[in-house]
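Okay, here's what each chain looks like letter by letter:
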Amino acid sequence: MYKPAPPRPKKTNIIRSRNGCQSCRSRRTKCDERKPICGTCARLEKICEYARSAFKFQIATVDDPKPSPKQLASATTSNVSSEETRSIQETSAIPTEDQTLAVRAAEDVTSIGSHSIIQSLQMTDRDVFYTTYWEGSCLPALHPIFHFATSLAADHPILNDALLALSSCNIGRLHAERRTPSAGTMCSMSPSLIHQTRSHLYYSSAIQKLATMQSQDYQRNSVTILAVLVLFAHLEQAMGNFQGFYTHVRGMMNLLEWHEDVKDAATKSLLASWMQIRYVVWWARAYFSSLEVCQHLPSIPLPASLLDVPQTLHERRVKVLSIMCESHRLNFSAALQQFRKYRSDDVSDSDFDECYAYCTTLLYQEAAKLDAWVLQLPPSEQPIYELNDTDSTTIRFQSHDAALNYAYYVVARAMQCTGVLRLLCDRESALPGRECNEEEYWVQTLVRIAQWSDMQTSITKNSYTIGFSGLLLAGILRCQSLSVGLEIQVWLQTLINLQPTEEGAFPIYQTFNVVKIINQQRALGRDVFAVTQPVDDGGGTPKLTGYNSQSITSLLFHGKDHNLDCLFQHCISLDV
């Protein structure tokens, strides 16, 4: 057996100081580090000065691995959230950590010889954090054109501010904070206050720069300004600010020569991204508004430059979104016309028949566009059908984006079916026979696509497009099968268990409660075909401290009671 080794004797009993004053360090004597003057300098009547700590710079190469989303989330609580208690002070006269860093950097400029290092000091740690998050989490959810826009941000401060505003807004909404529990399920969760505050600061800075620009600046940097306005629109959509969004829409219309064909590839790509977000806002306005607003929602046609054969996945997305939204508008307009007739004597049978004939004609035209769209799908974006062990068919895709695009196609097909319209038109019909079977097939297909898709991916990548939760709500209103409705309810409940906020900028809890009521009504023999507000609220208020832009306590459910063989409109309270 070996005995423990004896402890090594110390070579010297001298305790060295690493932070001593310059005088003691030069004489290599121990300093007691008293301030403002140490004991040795006081005894020898020497000038006592302490050395300042020097900056250390780390050179990052392209081979450095990028932080994962989980690492970014942990950085939120360690590096960034540690300043949460000072978030209100950042707009006051008290110097912040960033300002102190800038002052120290300015003092040491004469001792730094590299111009590139001096330039690196102009970007604060906070900017680096949000830029890293932008590249890792925001860009995958946006049009690829923003990879190009990111490369321009270093030379255009207004574009950089817009990028950081959207980045901080995104992380603030995805990483919710728990409030003190109160009445209502959603009241216990709110977006991160510190990230929301910083988003507003970056946004205000970009708006100020935009306001000071001259006409020659717009002409010289037209692509950059266009990218900024598109980012503004994305930000207002994420916040549910309809008024702010339409302000930027008018700005875009003024900047673009709308009626002429756009030839520039970058401008065309930005236009596609902008049109996508316009359809997202249109969809959000369709749910939930009054019956009159729903029936008179405007059509949003694609600009001429996007009417050609789409060449990329995102061009195909914006084209199928346009077909889906227009098919939805026509279908629901005809259905709600029948309920307007139910509410008012001013609408006659001839008015409904005329509306029905007009809408079905236009729906056939949209169906022809959809036929052309699906024929243009490359093999990498087409569904893959597989027979599983239970003899049922599974639908999968090679990517999440391909699955979402095909889900838009499926919803458009369901909206182009006229079985529900015939059912509403025929007052003598009892339980629906084969009239709505086609709608049910397409809604079942939509459910299969949603069940295949990863929910966590849907939460992060559907931030700037219409997500599955909004599509499933539209689907359940065009399907009379209780079993399919219950599958939709289970899917939404599973999503709520993962992250109780929003998916595709759509309020999950609100959607879940509406779906639950529809299934309850269906179990009683009542089909629901539309959901509207009793009184329209204009889309509500911006989602500054919550995830619902609208404070909805009750909704009007429009449908057909098969027990009494008549249409009905019931105002039902939501358990939210």
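Here the residue numbering is sequential within each chain, running from 1 through the sequence in written order. The model is predicted, so local features are restricted to residues of pLDDT at least 70 and side-chain atom pairs to those at 80 or more, both for listing and for counting; the totals for chains, interfaces and linings are taken over all residues. Side-chain numbers come from the whole structure's heavy atoms, not from hydrogens or water.

## Overview of the packing of aromatic side chains
Aromatic rings from Phe, Tyr and Trp, taking only the six-membered ring of Trp, are treated as a pair when their centres fall within 6.5 Å; an angle between ring planes under 30 degrees marks them as stacked, one over 60 as edge-to-face, and anything in between as tilted. Counted according to the given criterion, the structure contains 14 aromatic pairs. Ring geometry for Y406 and Y409: centres 5.0 Å apart, planes at 45°, overall tilted. Separated by three residues within a single helix, Y406 and Y409 lie in helix α17 (residues 400-416), roughly one turn from each other. Grouping residues by exposure puts Y406 and Y409 together as buried. Taken together, a centroid distance of 5.0 Å and an interplanar angle of 70° make the contact between Y441 and W442 edge-to-face. Taken together, the aromatic side chains of W373, F397, Y406, Y409, Y441, W442 and W452 make up a single cluster linked through ring pairs. Lying across the ring of F332, R478 places its NZ or CZ 4.0 Å from the centre. Segments assigned H or I by DSSP are reported as helices when at least four residues long, segments assigned E as strands when at least two residues long, and all are numbered from the N terminus. The buried label goes to any residue with under 20% of its type's maximum accessible area, the exposed label to any with over 50%, and the partly exposed label to all in between, with areas taken from a 1.4 Å probe on protein chains only. Our definition puts a charge over a ring when NZ of Lys or CZ of Arg is within 6 Å of the ring centre and also within 35 degrees of the ring normal.

## Considering the pairing of strand β8 (residues 554-561)
Extensive coverage of β8 is indicated by the burial of eight of its eight residues. Following DSSP output, two strands are said to pair if at least two bridges run between them. Of the strand pairs in this sheet, strand β7 (residues 526-532) and β8 are connected by six bridges, and their pairing is antiparallel. For D527, the partnering residue across the bridge sits in β8 and is K560. Pairing of β8 with strand β9 (residues 566-573) involves eight bridges; the strand directions are antiparallel. Bridging from a neighbouring strand, S554 pairs with S573 of β9.

## What to know about the nonpolar core
We call a set of buried residues a nonpolar core when its members are Ala, Val, Leu, Ile, Met, Phe, Trp, Tyr or Cys and they connect through side-chain atoms within 4.5 Å of each other. Counting 147 residues, the largest nonpolar core has F146, W283, Y287, M324, L471 and F557 as its most contacted members. At 13 residues, helix α13 (residues 265-286) tops the list of elements feeding residues into this core. Residue-level mapping places this core at the junction of two domains, with at least three residues from each of domain 2 (123-176 + 190-260) and domain 3 (261-573). Any two residues having at least one pair of non-hydrogen atoms within 4.5 Å are treated as being in contact. With residues near it in sequence (within four places) discarded, M324 still touches W283, Y408, V411, A412, I466 and L471. Counting six residues, the second largest nonpolar core, distinct from the first, contains C21, C31, C38 and C41. By convention here, the domain bounds are inherited from an automatic or database domain assignment.

## Some remarks on the sheet that holds β7
The three strands are arranged β7-β8-β9 in an open sheet whose pairing can be described as antiparallel. This sheet does not close on itself; its edge strands, each paired only once, are β7 and β9. Strand-to-strand twist of the sheet, defined as the mean angle between neighbouring strand axes without regard to direction, takes the value 30°. Helix α23 (residues 508-523) contacts β7, β8 and β9 of the sheet and is inclined by roughly 150° relative to β7. An axis is simply a line fitted to the C-alpha atoms; with a helix, the fit covers only the stretch in contact. Between two such axes, the angle follows the N-to-C directions and lies from 0 to 180 degrees.

## Points about the UniProt feature "domain: Zn(2)-C6 fungal-type" (unreviewed entry) in the chain
UniProt positions are given in the numbering used here, feature names are shortened, and annotations may be inferred rather than shown by experiment. The feature "domain: Zn(2)-C6 fungal-type" (unreviewed entry), as given by UniProt, occupies residues 20-50 in the numbering adopted here. Structurally, residues 20-50 comprises 39% helix and 0% strand, and the distance from its first C-alpha atom to its last is 7 Å.

## Quick word on the packing of helix α19 (residues 437-452) against helix α22 (residues 482-498)
Interhelical geometry of α19 versus α22 gives an angle of 25° and a closest axis separation of 10 Å. Considering the angle they form, α19 stands roughly parallel to α22. Here α19 runs over α22; the crossing is left-handed. In this structure, α19 contributes V443, Q444, V447, R448, A450 and Q451 to the contact, and α22 contributes V484, E487, I488 and W491. Just so you know the grouping, Ala, Val, Leu, Ile, Met, Phe, Trp, Tyr, Cys and Pro go in nonpolar, Asp, Glu, Lys and Arg go in charged, and all remaining residues, Gly too, go in polar. Among the residues forming the contact of α19 with α22, the class breakdown is six nonpolar, two polar and two charged. Orientation is classified from the angle alone, with under 35 degrees giving roughly parallel, over 145 giving roughly antiparallel, 65 to 115 giving roughly perpendicular, and any other angle giving oblique. Less than a right angle of anticlockwise turn of the near helix away from the far helix marks a crossing as left-handed, whereas a clockwise turn marks it as right-handed.

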